[in-house]
Structures are given as structure tokens and as C-alpha cells.
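# A closer look at the structure
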Amino acid sequence: MASTGNTKQYRTKQKELILSCIQAHQGAFFTSKDIVNALADQGTKVGTATVYRNLERLEEEGIIARTSIEGTSSICYRFLPDAPEDVYFFLKCEECGNLSPIDCGELQKLYEHVIEHHHVRINPTKTVLYGLCEACLAKRGE
């Protein structure tokens, strides 16, 4: 449906609860099931359909990003930082499966280089690098 200038963005209690849950874990990826479970742990029952509907709205508003991550069958969501010019890539550990943000100026430079020299814009909200996390490297003695 096309948006009109008169369209109001409604803030329901459920939408605020879902957003608060995601904001409390900035940098983390959530599935809809994770959100339902996290809210239930807080004593709030929110149906899966309500979570999906509100995640869709939050994505349309540019507040969260949706992505697919190898090794998971569900769509994942994460809160987007306020500064859209910041580029955040993620590392998915191939050993423990942990997903962690990489905030690195060198990756920002790579992002800018790819745009300028290759005329391709990477979507950093969906960019995941694969390798070994710091903890797994330490376990291996590397």
C-alpha cells in the first residue's frame, strides 16, 4: 500500500515492548521466536503474529534491519544505530556460532572504497563475515 502524507505511525504497547526488547540488546540478532520468549520471560505475553506485524512496521520505519544468517532457518532482526553513516559488519564464529558486531574504521574505508572504485554499495545491515571469534581463538591458543 502506498504511503500518504497523512499516514500516522501508531505506537502500540506491543510495538513499544518489542522495540524495547531489541534496543536492550543492541548489536544482537533476534528471531521473532526469541522476542516472544524474551517478552514472556518478562511476564508479557505477545502473540507471534503480533511480533511479526510489528517487526515489519519497525523495518519499514528503518528502526531495525532484517537479514538471513547461514546456519539459522529463521529470519533475524537487529536494532539499527541512530547514525546511518556508520557501517557495522558482523562476525559469525564458525566454531561457537556467536554473532558479534565489528566496529572498525578499516571496514568503513573498505565500504567507501567499494562504492567509489567499484560502483557497488554494500548493505552493511546484511553483511556478515565468517571466521573465528576472539574467545575461540584463545581456546585454540592463537
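Residues numbered from 1 in each chain as written. Predicted model: local features only at pLDDT ≥ 70, side-chain atom pairs only at ≥ 80, totals over all residues. Heavy atoms only, no water.

## Comments concerning the packing of helix α2 (residues 32-41) against helix α3 (residues 48-60)
Formally: Every axis corresponds to a line fitted to the C-alpha atoms, with the helix fit spanning only the stretch in contact, and the corresponding angles, defined between N-to-C directions, vary from 0 to 180 degrees. Where helices and strands are cited, they refer to DSSP runs of H or I of at least four residues and of E of at least two residues respectively, numbered from the N terminus. Geometric relationships in this document are graded by angle, where less than 35 degrees denotes roughly parallel, more than 145 denotes roughly antiparallel, 65 to 115 denotes roughly perpendicular, and other angles denote oblique. Each crossing is labelled by how the near helix is turned from the far one, with a counterclockwise turn of less than a right angle marking it left-handed and a clockwise turn marking it right-handed. Any pair of residues with heavy atoms lying within 4.5 Å of one another is described as a contacting pair. Under the scheme applied, nonpolar residues are Ala, Val, Leu, Ile, Met, Phe, Trp, Tyr, Cys and Pro; charged residues are Asp, Glu, Lys and Arg; polar residues are all the others, including Gly.
With their axes 10 Å apart at the nearest point, α2 and α3 run at an angle of 120° to one another. On the basis of the axis angle, α2 is oblique to α3. The element α2 and its partner α3 pack so that their crossing is right-handed. Residue-level inspection shows Ser32, Ile35 and Val36 of α2 in contact with α3, the latter providing Thr48, Val51, Tyr52 and Leu55. Its residues assigned to classes, the contact of α2 with α3 shows 5 nonpolar, 2 polar and no charged.

## Digging into the sheet that holds strand β3 (residues 89-93)
Applied cut-off: Pairing between strands is defined by DSSP: at least two bridges between them are needed.
Pairing is mixed in the open sheet, where 3 strands are placed in the order β4-β3-β5. At either margin of the open sheet sits one strand with a lone partner, and together these are β4 (99-102) and β5 (128-131). The mean inter-strand angle of the sheet, taken between neighbouring strand axes irrespective of direction, is 30°. Both β3 and β4 contribute to a ladder of 4 bridges, which runs antiparallel. From the neighbouring strand, Phe89 faces β4, where its bridge partner is Ile102.

## As for the nonpolar core
As a reminder of what qualifies: In this description, a nonpolar core means a group of buried Ala, Val, Leu, Ile, Met, Phe, Trp, Tyr and Cys residues linked to one another through side-chain atoms lying within 4.5 Å. In this scheme, a residue with accessible area under 20% of its type's maximum is buried, one over 50% is exposed, and one in between is partly exposed, where area comes from a 1.4 Å probe on protein chains only.
In this structure, Ile18, Ile22, Ile35, Val51, Leu55 and Ile64 are the most contacted members of the largest nonpolar core, which totals 17 residues. At the level of elements, α1 (13-23), α2, α3 and β2 (76-79) are the ones that each hand at least two residues to this core. Here Ile35 is in contact with Ile18, Ile22, Phe30, Val51 and Leu55, once residues within four sequence places are set aside. Formed by 6 residues, the second largest nonpolar core is a distinct cluster that contains Phe29, Ile69, Cys76 and Leu99.

## Notes on the side chain of Ser32
Mapping Ser32 onto the fold places it in helix α2. On the accessibility criterion, Ser32 (7% relative accessible area) is buried.

## Considerations on the packing of α1 against α2
One way to put it is that α1 packs onto α2 with a least axis distance of 10 Å and a crossing angle of 100°. Regarding the angle of α1 to α2, the classification is roughly perpendicular. Within the contact between the two elements, α1 uses Leu17, Ile18, Cys21 and Ile22 and α2 uses Ile35, Ala38 and Leu39.

## Overview of the environment of Val36
As for its position among the elements, Val36 is in helix α2. Here Val36 falls in the buried class, since its relative accessible area comes to 17%. Between the C-alpha atoms of Val36 and Tyr52, which are 16 residues apart in sequence, the distance is 10.0 Å.

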